[in-house]
Every structure is written in structure tokens, then in C-alpha cells.
Protein chains: 2
Amino acid sequence: MNDIAMNASAQVTPVFDDVLAAAARIAPHAHVTPVLRSRTLDALAGCELHFKAEHLQRAGAFKFRGACNAIWSLDDATAARGVVTHSSGNHGAALALAARTRGVACHVVVPEGAVAAKLAAIEAYGATLHRCAPTIAAREARCAQLQAELGAELVHPYTDPRVIAGQGTATLELLASVPTLDAVIAPVSGGGLLSGTAIAAHGHTPAIEVYGAEPEGARDAHDSLREGHRITGRKPDTICDGLRAELGTLTFPILRSHLRDILLVDDPQVIAAMRLIWERMKLVVEPSGAVPLAVVLANRERFANRRVGLIVSGGNVDLDLLAQWFARTP
Amino acid sequence: MNDIAMNASAQVTPVFDDVLAAAARIAPHAHVTPVLRSRTLDALAGCELHFKAEHLQRAGAFKFRGACNAIWSLDDATAARGVVTHSSGNHGAALALAARTRGVACHVVVPEGAVAAKLAAIEAYGATLHRCAPTIAAREARCAQLQAELGAELVHPYTDPRVIAGQGTATLELLASVPTLDAVIAPVSGGGLLSGTAIAAHGHTPAIEVYGAEPEGARDAHDSLREGHRITGRKPDTICDGLRAELGTLTFPILRSHLRDILLVDDPQVIAAMRLIWERMKLVVEPSGAVPLAVVLANRERFANRRVGLIVSGGNVDLDLLAQWFARTP
């Protein structure tokens, strides 16, 4: 993914101190999200669940943390030239909003055919949209062109140590609130959130177990860890629109060295978990955000009577899709 | 509504001291719900909105407050005989859960054809269901029979000063959190919540403006205040399933003496407001709970630049109905 155009620092693995520095850097801008409980869901799961409510983060997802850390890490000269990324999803919106907190120009390359509501949100945060053909090659070419023409800095959604360190701050806050967790579970897509989660968790508590939660229909991270090399080029098939990316060159080795396991669930399990969170906790979470709970409910013995932290990654859900989702729930 | 069988104290109008006493009485059992903000919705509404999140109350609605106050007001001899009510909605579930906090037997009369999921919730809280024909007469007769046979105490959903005082505790908490509100708005159905809200608000701040929020399709309270007498016997037509009751003999005079106005909104306005709360605040609220926001958005001049408290009454929503609701949103 555009590795050629990436700046030299992009492949430096972040460490716990980077997460601590990120926390200080984003503190004036990001929300400290609440950690929520539900006695009903505890009873259902047979363990003690602590939900880190990143769907209540600014722009509706944890992505704002990494984007904000990247933006406020720029030196002034770089900041003056602006930033660029290609994402029509939560990262694009998060980077646009983060850039606005510093008055930095933000360019977002989006494929033709992207959801109009998402593009409107990115524009509402003040970013400039650049449309291109709906292929990876076209997106990367347009991105590289903007980097070259404007001198804009690429902020990749996950192959960026500043982004990974920023995502880890959610887990720092979770452990500050509940210091004695036995395990923490985060969804995995490109691996930025899960890498940051693992670095933060093990920096705080070396013995804590860190798990990835992944949909069956996008199980490249699970299989990559099993096979010992990064699997790419598959076509994902899952309703979890936030979890369709594949691991990057930076995140894969981090996950290899930190994870206890990646646990898989299918879409009906995700929908059932999402429905539980909506009905019992009265929280609007997106399918991706419900994957950790789905994993706990599908692995009751593993987590029985333990204290488990779940990163609820986001709440940006297309309400018009609900009907078809819930129609598929048993 | 079964006035003959009602105990003598049922028509005593509660006062501010009763709300204060209720707050102390329910404190060990009820949640102090958060007061939530949204800068996006403030900008949309052109005023400062403070959402009292009663959808996060136990059993998912403010109803637990009134039910809990009633249960813990009983003398031991009465408590030993149990309580009875007729409601297949939030009040039935709330009374069942409140009764369980004291180990009191709870009987709920429900009409044949009531939603199975709601009945399951009431039973899950330990109440005994008594089915009857789906008419008001049959429900009241069955209720009176249970009162006579068991000596059970009727806890009416709103024609009960203990219930009204309990509902007022939400506004006490709201004003403790935001003491300088200019106005407070609560939905109106039978008027228990709105009566409690008004008594609490004016006890705390005599100059505060108290508004009712009512769906056009169930505007009996609005018209009753206009015409100066209680209008009954209409057939409500609104998606707000929590707002289909009519004012009672106890609540009507309270509202007459306290309210600035009752403001009407139609179902599409309610759905649009509910969607905003879901999408922007990530909160699952039921249609009835979104009526106060709909009222503010439909009356921007009246509330411009003012500090407004909104009672978000509940979050018990049938997710299977969402498709048809949102299909009707512009």
C-alpha cells in the first residue's frame, strides 16, 4: 500500500513510551471515553466485562486518537504543507477532524461510488475530497500524486507508528480505569488498533492476555499468524465494514510478538452481539465494534470468571442497513 | 380507571417534599443516570441541550423510579400481600423489578396479544402474569379481582402520588447537575412523569419553564389543557408506544397549575429526532424518549440560546420495527 512513497520513519515499530507520549499529545483534543458495564451481559458471558466506549470518541471511533497523534506530531513546516490519506471510512473522517484541530490542510482520496453520507461527513470536517477510480492502484497513484505536488504528508490508516501509538491510548485509559484486567480484546483489520492495544497493555501489565477479534469472512490476520507470513489479496466478505483491510508490514510483526490468539466469529454472531449491546446497554455500536463481545460469547470457557476489557471500536452505523441485519438474526 | 378500587391516598397531590423523600427512598436501588451533551445537537438546535439519560435507568426507563418509590413506601403488612398493576409496557417491567428489590410479590395483568418479548421481560424480573381479554374493562376487572382476593396493593402507572413523586427524582438529579436550566421538557402520556418533573423543577427553581412534549396523534393532554377539562376516549395513533395513555384525574390538575405549554410534534419529526440521537449521540432511545428533542427542533425561536433540560424517558425499543420507521424518514 504505497510503501514507496512512505516516509522513512513509517516502518519504525512504536513502543510503550510512544503510547505515553501520544496520550499527552492528544489529551487537549480527544475525549477520555467512559468504561461501561452491564450486569446483564456479565451474567450472559459468565465473566466481568469492561467496555471501553470508543464509539463515543470524537468522529465516532477510536480512529481519532491515531489521526490526532499523527497530526500533532508533525513539525511546523510539514504541517504547513498538509496531510493526505485514502479512506472513505472512519480514518478519513478522523484525520479530517484531527487536522482541523491544528488548522492543517487535509486531503482525502476517495473512490467513486463511496457512500455519500460518509463523504459528506469528511467534507463537513473541512477536508478536501479527491475522487478517483475505485481501485487500489488508482487510489495509491492519486495519493502519491498529491504527496508529490503539495508536499503533503501521508497518514496511513495503520502503517504508521504515530497512528499505532495513538490507538494504544484507548487501552491506557482502560487500564487506568480498571488496572487488574486479565485480558483485553480488540477487533483486527489492518492491525493498527490491535497493535496499539497490545503495546499499551503489555507496557502496563506484562502478563495481560491480548486477543484479536476478527470476522470469519475477513480472517487474513488469523491465518497470517497461523502460517507465519502475511496473507494478502483475499476478497473479504463480512458485514463488518471497518474490518475489511489486511495486515500491514508494520503491524504483522507487532501482532506476532504480542498476541495470545486471534479468535474468529461469523456475521450472525456479530449481529447477535451488536443487538445485545443495543438492547441491553442502549448503545449504538457498529458491527465491527461488537466483534469483541461476540468473541467472548463464543469462547465462554476461555474467559470464564475473568476480568475482560473490550475495545468497542466505533459507532458509525448506517441505520438504513439495520433492517436487513436484524432480519438475519435468529 | 379503576378509581373505585383505588386506596384513599391515591388522589393526594404530591408536593416537593415528597419528591425529596422519594429520592432518599430509592437511592439504594435506582441508578443516578448521567446528563449527556452533544455539541452537534446544540449547534443544530441553536440552544444548550442537557439530556437526562433515563433510558439508562434500571429496566430501561424512568418508570423504575416511581415503581421503586411505591414499593418502598409500603408498610410491611401491605408489602407482605404484594402489589398488582395492569401494564404490558415499561411500568409493568419496572414494578416487577422494583418489587424484586424488596422481595414483594408482584402481579401484572396483561392483555392477550401483548408483545411476547415484553411479557418475557416482566416474567424475567419475577412477576406473575395474569392474562385477560384485551379490553380496558377486562383488565380493570381482573386487577380488582386480584386486589380483592390477595389483598394486593394497586400501583397505578400514574394515578398514584408515590409514583409521581418517584418520577420527579429524575429532574431533581438533572437540576443538581445543571442548576441553572431555563426550561425542562418531558414527554406526556398519562402525565405521571410530567407531573413529577413539574413539581421537582418548580420546587427547585420556581421560575423555570416546564413544557410537555406530546405526539400529534395522542394530543389529548394538549387539548385537555386548552379546553380546561380532561378529554378521554380518543383512539391514539402514534409510533410513540409509551405515550398512548390519557391524563388521569390526579395528573390533570397538576399539569394545569404548572405547565407553560404542551408542544406537539408529528411522528416524522419524532423519528428524525430519534435518528439524530442514535447517529450523533450513539444512544438507543425509544420514540417516546426522542419527543422532547423533536419539540425543541420544531420550536427553535422559543428555545434559542437558552439552557434546556430534556428528559429522555426510555430506551426500550423493538429493533425489528426500525426498518419501517426509518423508511419513513425523509
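Position numbers for residues start from 1 in each chain and track the written sequence from start to end. Chain labels run from A onward and ligand labels from 1 onward, assigned in the order the entries are written. Thresholds applied to this predicted model are a pLDDT of at least 70 for local features of residues and 80 or more for the giving and counting of side-chain atom pairs; totals over whole chains, interfaces and linings are not thresholded and use all residues.

**Examining the relation of the copies chain A and chain B**
- Residues below a pLDDT of 70 in either copy are left out; the C-alpha atoms of the rest, at least 70 in both, set the least-squares superposition of the copies. Expressed as a screw operation, the relation of chain A to chain B combines 0.0 Å of axial shift with a rotation of 180°, fitting to an RMSD of 0.0 Å. On this basis, the relationship between the two copies can be described by a two-fold rotation axis.
- By the convention adopted here, residues are in contact when the distance between their C-beta atoms, placed from the backbone, does not exceed 7 Å. A share of 100% of interface residues in chain A that are also interface residues in chain B marks the association as one of identical surfaces.

**Remarks on helix H11 (residues 251-258) of chain B**
Residues and elements named next belong to chain B.
- Turning to H11, its buried residues number three or more, namely Thr251, Phe252, Ile254 and Leu255. In a view along the axis of H11, the buried residues occupy a sector of 165°, so they form one face of it.
- The secondary structure listing takes helices from DSSP runs of H or I that are at least 4 residues long and strands from runs of E that are at least 2 residues long, numbered from the N terminus. Considering only its buried residues, H11 is in contact with helix H9 (192-204), strand E8 (209-215) and helix H10 (220-227). Any residue whose C-beta has 12 or fewer other C-beta atoms within 10 Å is treated as exposed, any with 20 or more as buried, and any in between as partly exposed, C-beta atoms being built from the backbone. As used here, the arc belongs to the directions running from the helix axis to the C-beta atoms.

**Here's the deal with the pairing of strand E7 (residues 183-187) of chain B**
All names here are of chain B.
- With respect to burial, E7 is a largely interior element, four of its five residues being buried.
- Paired strands, in this sense, are two strands between which DSSP finds at least two bridges. As paired elements, E7 and E8 share five bridges and run parallel to each other. Its bridge partner lying in E8, Ala186 is registered against Gly212.
- Each parallel crossover has a hand, and for E7 linked through H9 to E8 it is right-handed.
- Note that E7 and strand E10 (residues 307-312) share three bridges and pair parallel. By the bridge assignment for E10, Ala183 is matched with Val308. Note on handedness: a crossover is taken as right-handed if, strands pointing away from the viewer, the path from the first strand over the helix to the second is clockwise.

**Considerations on the confidence of the model for chain A**
Residues and elements named next belong to chain A.
- Predicted confidence across chain A gives a mean pLDDT of 93, with 95% of residues reaching 70 or more.
- Between residues 1-6, whose pLDDT stays under 50, and residues either more than four places distant or in other chains, the model counts 14 contacts.
- Across the interfaces of the predicted complex, the ipTM metric reaches 0.88, alongside a pTM of 0.91. The predictor attaches a confidence to each residue, called pLDDT, with possible values from 0 through 100.

**Topic: the packing of H9(B) against H11(B)**
Residue and element names in this part refer to chain B.
- Contact pair H9 / H11: the axes reach a minimum separation of 9 Å and the direction vectors enclose 40°. One finds that H9 runs oblique with respect to H11. The handedness of the crossing between H9 and H11 comes out as left-handed. Here Gly192, Leu194, Ser195, Ala198, Ile199 and His202 of H9 come into contact with H11, specifically with Thr251, Ile254, Leu255 and His258.
- Broken down by class, the residue content of the contact of H9 with H11 amounts to five nonpolar, five polar and no charged. To get an axis, fit a line to the C-alpha atoms, keeping to the stretch in contact for a helix; angles then go from 0 to 180 degrees between the N-to-C directions. Working definition: roughly parallel below 35 degrees, roughly antiparallel above 145 degrees, roughly perpendicular at 65 to 115 degrees, and oblique for all remaining angles. Crossing chirality is assigned from the near helix's rotation relative to the far helix, an anticlockwise turn below a right angle marking it left-handed and a clockwise turn marking it right-handed. Amino acids are sorted into nonpolar (Ala, Val, Leu, Ile, Met, Phe, Trp, Tyr, Cys and Pro), charged (Asp, Glu, Lys and Arg) and polar (every other residue, Gly among them).

**Section: the nonpolar core**
- Counting 208 residues, the largest nonpolar core has A:Ala67, A:Ala96, B:Ala67 and B:Ala96 as its most contacted members.
- In this structure A:Ala96 touches A:Cys106, A:Val108, A:Ile122, A:Tyr125, A:Gly126 and A:Ala127, once residues within four positions along its chain are discounted. Put simply, a nonpolar core is a cluster of buried Ala, Val, Leu, Ile, Met, Phe, Trp, Tyr and Cys residues tied together by C-beta atoms within 7 Å.

**Some words on the interface of chain A and chain B**
- The interface is formed by 15 residues belonging to chain A together with 15 residues belonging to chain B.
- Elements that contribute at least two residues to the side of chain A that touches chain B include exactly helix H12 (267-281) and helix H15 (322-327) of chain A.
- Looking at the side of chain A that touches chain B residue by residue, the class counts come to eight nonpolar, three polar and four charged.

**So, the pairing of strand E4 (residues 106-111) of chain B**
Residue and element names in this part refer to chain B.
- Summarising burial for E4: five of the six residues are buried, a large majority.
- Sheet topology note: the strand E3 (residues 83-86)/E4 ladder contains four bridges and is parallel. Each bridged residue has a counterpart across the sheet, and for Val84 the counterpart in E4 is His107.
- Note that the unit made of E3, helix H5 (residues 90-102) and E4 has a crossover that is right-handed.

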